[in-house]
Structures are given as structure tokens and as C-alpha cells.
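So you can see what is in the structure, the chains are spelled out below.
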Amino acid sequence: MNVLTDEIVAAGEPWLGRVAQGQTFRIVDLEGNQAVDTLFYNAADTSERYSATDTLIAQGAIYLTTGTVLRSNLGRPMLTITEDTCGRHDTLGGACSCESNTVRYAIEKRYMHSCRDNFLAALSRHDVGLTKRDLPSNINFFMNVPVTPQGGLTFEDGISAAGRYVQMRAEMDVLVLISNCPQLNNPCNAYNPTPIRVQVCA
Ligand SMILES: [Zn+2]
């Protein structure tokens, strides 16, 4: 395949890019167990965007992996996961924020950098017409959030490893908004955010 974009996103940093219909988007977990908080928008009309509920209802399952069709708030396919060497990705746990840092960890964690801050920083650097009102529930690629038989959500140690990747085919032109999670309080990344590689191929 012809590699159009090949970038390293440093630990804790955001990324915003475009993937055209038919192109392949790949995220590589370079060092393992990194959470990659991700949102997708229809590049032609950003009021259409990734919907966790539409995606989960349509596939009748709560984890994302090979074969999952990532759907929009209009129920339309945005991307299809075509390869996945991790095996499971979460879309229930949401993105970390100053509010969740305060509730989950401690009041003095409020001012630590978060995924929500990263999303907003990326939107402020790129003039794509999106603001904090445009951040729906996201995907957490490589994050392990098993649901217990009782229906509880649990944040567990990651099941990814260095070099594992997830690859998807764009079914429409999409904007990709990523926060390479800067979280320092969650055991899922061993308290150690690490870089990722993002690639767009035609
Ligand atoms: Zn985060």
C-alpha cells in the first residue's frame, strides 16, 4: 500500500487528521497498553460523528474488534475494522477529564492533563469548526474495560502489547481526532503513557 501519512504521536499528545473514503487508517501501540481515545467526524458534515450507541446496537456486542462497523449518529458506516492484533477495544469508558480525575482519584488530580484537554487543544490548533460541544462518547483503542456478568464496568490491566495494531477502512471521508491518553493515575497503561504511530494508506 501507498503510505500517505506516517506519524509518531508522542505520549500524552493529541492528533487530528483526515482519511478519505477507501483509505486505510492504522494505529500502532508502539510500546504496549497505551489508551488511544479516538473520535471520528464526517469530513463533509461534522454534525455527523461517531456514535457508540449506534455502533454497539448494530453489532449486538459491546467490544470493538475485526469486523466491527464504526457507525455514526445517523447509523451509517464510517469505518470498518479490518485487522486487529490486540483483539478488543473499549467504547464504554469515555475519555478522562479534570472532572473524572477528581472523582476517580483525588481532588488534587484536577489539574493534571486529560484526554478532554487534548481533544480541545487539537480543535483549537485546527480550524475545523468543532468546539467542546462537539465531543461525543469516544472509542478507547487498546483499552481493556471488561463488563462483569453483573453488568459492572471494570478498568483492568491492558491486553495489548508492543507493536500490536488496529486497522480500519474508511467508508466515508472522515476527520480523526485522537488523544494519546496522558493519564498518570490508571493502571491500564501501567501509569506510563507511551507514543503511538498513526498511518494513512491508499
Ligand atoms: Zn485519557
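This section reports on the structure supplied with the text.

You will see that Asn-33, though not glycine, has its phi angle at about 60°, which is positive. Inspection of the secondary structure assignment puts Asn-33 in the loop between strand E3 (24-29) and strand E4 (36-42). Exposure remark for Asn-33: the relative accessible area of 22% places this residue in the partly exposed category. Located in the positive-phi region is Phe-142, a residue other than glycine, with phi close to 70°. Tracing the sequence through the fold places Phe-142 in the loop between strand E7 (139-141) and strand E8 (164-170).

Quick look at the sheet that holds strand E10 (residues 196-201) now. Overall, antiparallel pairing links the six strands, which are arranged E1-E10-E3-E8-E6-E5 in an open sheet. On the outer flanks of this sheet lie strand E1 (3-9) and strand E5 (69-71), each paired with one strand and no other. Pairwise comparison of adjacent strand axes, ignoring direction, gives a mean angle of 20° for this sheet. Where strand E6 (residues 77-84) lies against E8, five bridges are found, and the strand directions are antiparallel. If you follow Leu-79 over to E8, its bridge partner there is Ala-170.

It is worth spelling out the sheet that holds strand E9 (residues 174-180) at this point. One open sheet holds the four strands; their spatial order is E2-E9-E4-E7, and the pairing between them is antiparallel. One side of each edge strand has no neighbouring strand; the edge strands of this open sheet are strand E2 (14-19) and E7. Along the sheet, successive strands turn relative to each other by an average axial angle of 30°, direction set aside. Bridge count between E2 and E9: six bridges; the pairing is antiparallel. Note on E9: the bridge partner recorded for Trp-15 is Ile-178. In the packing of helix H3 (residues 115-125) onto the sheet, the strands contacted are E2, E4 and E9, and the crossing angle to E9 comes to about 135°.

This part covers a nonpolar patch on the surface. Where nonpolar side chains cluster on the molecular surface, the patch consists of Ile-62, Leu-92 and Leu-153 and spans about 230 Å² of accessible area. Within the element layout of this structure, Ile-62 appears in the loop between helix H1 (52-59) and E5. In this structure Ile-62 comes out as partly exposed when scored by relative accessible area, which is 33%.

Quick look at the coordination of the zinc ion now. Only Cys-96 (SG), Cys-115 (SG) and Cys-181 (SG) from the protein coordinate the zinc ion, and they sit 2.2 to 2.3 Å from it. Sequence spacing of the donor residues for the zinc ion, all on one chain, is C-x18-C-x65-C. One end of the pair, Cys-96, is in the loop between E6 and helix H2 (98-104); the other, Cys-115, is in helix H3, with 19 residues separating them in the sequence. Across the pair, Cys-115 and Cys-96 agree in class, each one buried.

Listing the buried residues of H1 in full gives Ala-52, Thr-55 and Leu-56. Each buried residue of H1 sits inside an arc of 90° when the element is viewed along its axis, so together they form one side. Structural note: H1 exposes Thr-53 and Ile-57 on the side pointing more than 90 degrees away from its buried face. Looking at the buried side of H1, the elements it contacts are E5. Phi for Gly-60, located one or two positions after H1, is positive at around 65°.

Cut-offs used in this document
- Residues numbered from 1 in each chain as written.
- Predicted model: local features only at pLDDT ≥ 70, side-chain atom pairs only at ≥ 80, totals over all residues.
- Heavy atoms only, no water.
- Helix = DSSP H or I, 4+ residues; strand = E, 2+ residues; numbered from the N terminus.
- Buried < 20%, exposed > 50% of the residue type's maximum accessible area, 1.4 Å probe, protein only.
- Pairing = 2+ DSSP bridges.
- Axes fitted to C-alpha atoms, helices over the stretch in contact; angles between N-to-C directions.
- Contact = heavy atoms within 4.5 Å.
- Patch = residues over 30% accessible without salt bridge, like charges linked within 9 Å, V, L, I, M, F, W, Y side chains within 5 Å.
- Areas by Shrake-Rupley, 256 points an atom, 1.4 Å probe, with all protein chains shown as cover.
- Salt bridge = Lys/Arg side-chain N within 4 Å of Asp/Glu carboxyl O.
- Donors = N, O, S within 2.8 Å, 3.2 Å for Na, K, Ca; no water.
- Arc of directions from axis to C-beta.

Any functional reading would require information that these geometric values do not contain.
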